[in-house]
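Observations on chain architecture
Okay, here's what each chain looks like letter by letter:
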Amino acid sequence: MTMHDTHTLRELDHAHYLHPFTDHKALGEKGVRVMVRGEGIYLWDSEGNKVLDGMSGLWCVAIGYGRPTMTKAISEQIDTLPFYNSFFNTTTVPAINLAHRLSQLAPPGFQHVFFTGSGSEANDTNVRMVRRYWDLLGYPDRHVIISRNNAYHGSTMAGASLGGMSGMHEQGGLPIPGIVHIGQPNYCESGVGMTRDEFGVKAASWLEEKILDVGADKVAAFIAEPVQGAGGVVIPPDTYWPEIRRICDKYGILLIADEVITGFGRLGRWFASEPYKPDLITFAKGVTSGYIPLGGVLVSDRVADVLIRQGGEFNHGFTYSGHPVACAAALENLRIIESENLVGRVAGETGAYLKQQFTALADHPLVGVAETCGFVAGLNLVKRKAENVHYQVAFDPALAVGMVCRAHMFNNGVIMRAVGDRMIIAPPLVMTHAQIDEMAGLIRHALDLTLAEVKQRGWL
C-alpha cells in the first residue's frame, strides 16, 4: 500500500478544505482521518488502519468499493464522450439508456426521469416541478409543500427548507416561504399509551390536520422518506403509509417519496415507496453506488403528462443533468445490482440475517431498542433500560454519549453514525453472513468500551 504523510495531509486539509456539516475550529484541533483506499466493504486510512464501512460511505456504496467493471464503464465513457449537456435539444446515449432503464425498474406509471447531480438538486427540482404542475392546471395558489420534522431532504436552500432539522433552519433564514412541517412517525418519541399500529394512524392524521390548517386549496404536495435516514433511521409503523396515501388522495395533493437513501434495494425493493404509489420519487446515492455523483426525479405519468401536454418551457435544469459519465456509471451499477440479485438478497436472506444479528444487540446494558428495516438499522443508547420503551431513561443530551460511542466504533474497526444517542448503520448490500457477524461483533465490542467509559466518567 502507498505510504502517506498523514501529518502533512492534515495540515493541508485544515489550511484549505472547508468540510460539509463541520465545526471547522474543532476539526482543526482534532485533525481529519484521511481515507485512501477501499475494497469490498472495507476502507483503509493513511496510517494503514482497516475499518468496516457500516455506512456505505454516506448511505450510497451499495455494491462495495473497487469494482473493476465500474472502472471500465467510467473509463470507456470518458474516452468516448466525457461530457455534453442536455440543453438546446440535445442528449447523449448514456442519458437515453439510463432514462429507459430507470423506467423499467420504477413502479408502474413512471415513464419519465429528470436528471440532476445530487439528491439536494433533485428535491429542489421537486419544488419547482410540483408548483409548475399546479400552475399548468390552473391552480397557481397550490404552492405549499408539507414535510416532517427531523426529515432530511438535502442542504440547498429548498432542500434544507423541505427538511425539518432545526439546526439547519437556524442558519440562513430557513425555511423559505411555502414549506411547512408536521411531526415525524417516531413511536419511541411520541407513541406513549398507543400500540405501534394506533400510533401509525395517529401520526398520519397530523398530515390531514396540517392540510386543513393551511387550506386544501393551497397545498401542492407532501414529501417524506419511506424511512427517515439522517434523522436516525426512524421506521414508521406499518399503518402509517397506507393512511398517508389515503389522505393525499382525499385532498388531491401530490405525494413525493424521497428515496435518495432507500432506493435501489436498500429496503428490499428497487423502490421502497412502490406499495403506496407516490407521484414523484427522488433518487441519488445508490443509483451509482457513489462512484460518480448523480441524482434525479422519477416522474409519474400523472405529472409528466401535464408538463408535456400543456407545453411551455420548464425553466429549470443543471449543467450536469444527464452527465454521460455519471449515466454510464449508473447503468453498470444497476447491472451489478440486478445480476447479483442484491435487492432479492436484502428482501430475503441477508436482510433477515442482519435483523437477527443486529436486534440481538438489544441485550447489551446500554441498548434500549435495536431495530432494522432491510439494510438500515438503528439502536438507542439509554441510561436505564425498561421493557416498555417509553419508560427507558435517556442520557443527558449534553453528555453526547452517541459521539463517545461513535469514536469507539471508528477507532476499533467499524463505521457507525451517531444521531444524538441513536447509533445507525446502512451497510453495503453486498455483505455476506460472515461479514454481518464481523460487523455485529465489532459493534458489540465498541458498545462495551462505551459502557466502560460512561461508568468511568460517572454517567451511570
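Preceding this section is the structure that the text describes.
In this report, we go over the structure that sits alongside the text. Just so it is clear, the structure is predicted and the values come from calculations on it, not from any experiment.

1. What about the overall build of the protein?
The secondary structure content of the protein amounts to 17 helices and 14 strands. With respect to the three principal axes, the spread of C-alpha positions in the protein is 65 × 60 × 45 Å. Split into buried and exposed, the 460 residues of the protein put 54% on the buried side. Residue pairs in contact within the protein that sit at least 24 positions apart in sequence constitute 70% of those at least 6 positions apart.

2. Re helix α15 (residues 349-359)
Looking at α15, one finds that the buried residues are Thr-350, Gly-351, Tyr-353, Leu-354 and Phe-358. Buried positions in α15, seen along its axis, are confined to an arc of 165 degrees and lie on one side of it. Structurally, α15 contributes buried residues whose contacts are with α14 (342-347), β11 (367-373), β12 (376-381), β14 (422-425) and α17 (433-456).

3. Quick word on the packing of helix α6 (residues 119-136) against helix α12 (residues 301-310)
Contact geometry of α6 with α12 gives a least axis separation of 10 Å together with a crossing angle of 60 degrees. When the axis of α6 is compared with that of α12, the two are oblique. Once α6 is placed against α12, the crossing between them reads as left-handed. Every residue of α12 that contacts α6 at Met-129, Arg-132, Tyr-133, Trp-134 and Leu-136 is listed here: Arg-302, Val-303, Val-306, Leu-307 and Gln-310.

4. Quick word on a nonpolar patch on the surface
Taken together, Leu-81, Tyr-84, Phe-87 and Phe-88 make up a surface patch of nonpolar side chains, about 410 Å² in accessible area. Residue classification places Phe-88 among the exposed residues on the basis of a relative accessible area of 67%.

5. What to know about the packing of aromatic side chains
Within this structure, the stated rule accounts for 12 aromatic pairs. When the centroid spacing of 5.0 Å and the interplanar angle of 80 degrees are considered together, the rings of Tyr-133 and Trp-134 count as edge-to-face. Here the aromatic cluster, defined as three or more aromatic residues joined through ring pairs, consists of Tyr-133, Trp-134 and Tyr-139. Its guanidinium or amino end placed over the ring of Trp-44, Arg-37 lies 3.9 Å from that ring's centre, counting from NZ or CZ. Geometry around Tyr-42 places Lys-50 over its ring, the cationic atom sitting 4.2 Å from the centre.

6. Let's talk about the state of the cysteines
For the structure on display, the rule yields 0 disulfides. As a non-bridged cysteine, Cys-373 has Cys-188 as the owner of its nearest cysteine sulfur, 14 Å distant. Exposure remark for Cys-373: the relative accessible area of 22% places this residue in the partly exposed category. Not engaged in a disulfide, the cysteine Cys-405 finds its nearest cysteine sulfur in Cys-188; these two sulfurs lie 17 Å apart.

7. Let's talk about the sheet that holds β12
Read from one edge to the other, the open sheet built from 4 strands follows the order β11-β12-β14-β13, with strand pairing classed as antiparallel. This sheet does not close on itself; its edge strands, each paired only once, are β11 and β13 (417-419). Here the strands of the sheet are splayed against their neighbours by 20 degrees on average, with no regard to which way each runs. Two strands pair when backbone bridges link them, and β12 and β14 are joined in this way by 4 bridges, in the antiparallel orientation. Bridging from a neighbouring strand, Ala-377 pairs with Ile-425 of β14.

8. Side note on the sheet that holds strand β1 (residues 35-39)
Overall, antiparallel pairing links the 3 strands, which are arranged β1-β2-β3 in an open sheet. Because the sheet does not close on itself, it has two edges, and the strands there are β1 and β3 (50-52). This sheet shows a mean twist of 30 degrees between the axes of neighbouring strands, independent of strand direction.

9. Let's talk about the pairing of strand β5 (residues 144-148)
Along β5, 5 of the 5 residues are buried, which leaves the element largely enclosed by surrounding structure. Across the two faces of β5 the burial is the same, with Val-144, Ile-146 and Arg-148 and Ile-145 and Ser-147 all buried. Here 3 bridges tie β5 to strand β7 (residues 219-224), and the two strands are oriented parallel to one another. Residue pairing in the sheet places Ile-145 in a bridge with Ala-221 of β7.

10. A short note on the pattern of salt bridges
Oppositely charged side chains are able to pair whenever their charged atoms sit close together. Throughout the structure, instances matching the rule amount to 16 salt bridges. Residue Glu-340 pairs with Arg-67 through a salt bridge whose shortest N-O separation is 2.3 Å. With Glu-340 in the loop between α13 (324-339) and α14 and Arg-67 in the loop between α3 (56-59) and α4 (68-80), this pair connects stretches of sequence that are 273 residues apart. A salt bridge links Lys-218 to Asp-217; the shortest N-O distance between them is 3.5 Å. The partly exposed category is assigned to Lys-218, whose relative accessible area is 33%. In this structure Asp-217 comes out as partly exposed when scored by relative accessible area, which is 47%. One network of salt bridges, with partners in common, ties together Arg-245, Asp-249, Asp-279 and Arg-302.

11. Comments concerning the nonpolar core
Phe-222, Phe-358, Leu-379 and Ile-443 are the most contacted members of the largest nonpolar core, which has 89 residues in total. Counting 25 residues, the second-largest nonpolar core is a separate cluster that includes Leu-162, Leu-254, Val-297 and Val-306.

12. Some remarks on the pairing of β14
Burial along β14 is two-sided: the face carrying Arg-422 and Ile-424 and the face carrying Met-423 and Ile-425 are both buried. Across 3 bridges, the pairing between β13 and β14 is antiparallel. Bridge pairing in β14 places Arg-417 opposite Ile-424.

13. Looking at the side chain of Gln-77
Within the fold, Gln-77 resides in helix α4. Looking at Gln-77, the relative accessible area reads 12%, which means it is buried. In this structure Gln-77 touches Pro-82, Pro-94, Pro-324, Val-325 and Ala-328, once residues within four positions along its chain are discounted.

14. Looking at the side chain of Thr-262
Note that Thr-262 resides in the loop between β8 (254-258) and β9 (280-283). Among the polar contacts made by the side chain of Thr-262, one reaches the side chain of Glu-259 at a distance of 2.6 Å. Aside from chain neighbours lying at most four places away, what touches Thr-262 is Pro-226, Val-227, Leu-267 and Ala-272.

What counts as what
- Residues numbered from 1 in each chain as written.
- Predicted model: local features only at pLDDT ≥ 70, side-chain atom pairs only at ≥ 80, totals over all residues.
- Heavy atoms only, no water.
- Helix = DSSP H or I, 4+ residues; strand = E, 2+ residues; numbered from the N terminus.
- Buried < 20%, exposed > 50% of the residue type's maximum accessible area, 1.4 Å probe, protein only.
- Contact = heavy atoms within 4.5 Å.
- Arc of directions from axis to C-beta.
- Axes fitted to C-alpha atoms, helices over the stretch in contact; angles between N-to-C directions.
- Parallel < 35°, antiparallel > 145°, perpendicular 65-115°, else oblique.
- Left-handed = near helix turned anticlockwise from the far one by under 90°.
- Patch = residues over 30% accessible without salt bridge, like charges linked within 9 Å, V, L, I, M, F, W, Y side chains within 5 Å.
- Areas by Shrake-Rupley, 256 points an atom, 1.4 Å probe, with all protein chains shown as cover.
- Salt bridge = Lys/Arg side-chain N within 4 Å of Asp/Glu carboxyl O.
- Phe/Tyr/Trp six-rings, centres within 6.5 Å; stacked < 30°, edge-to-face > 60°.
- Lys NZ or Arg CZ within 6 Å of the ring centre and 35° of its normal.
- Disulfide = S-S within 2.5 Å.
- Pairing = 2+ DSSP bridges.
- Core = buried A, V, L, I, M, F, W, Y, C linked by side-chain atoms within 4.5 Å.
- Polar contact = N/O pair within 3.5 Å; in protein donor to acceptor, adjacent residues only side chain to side chain.

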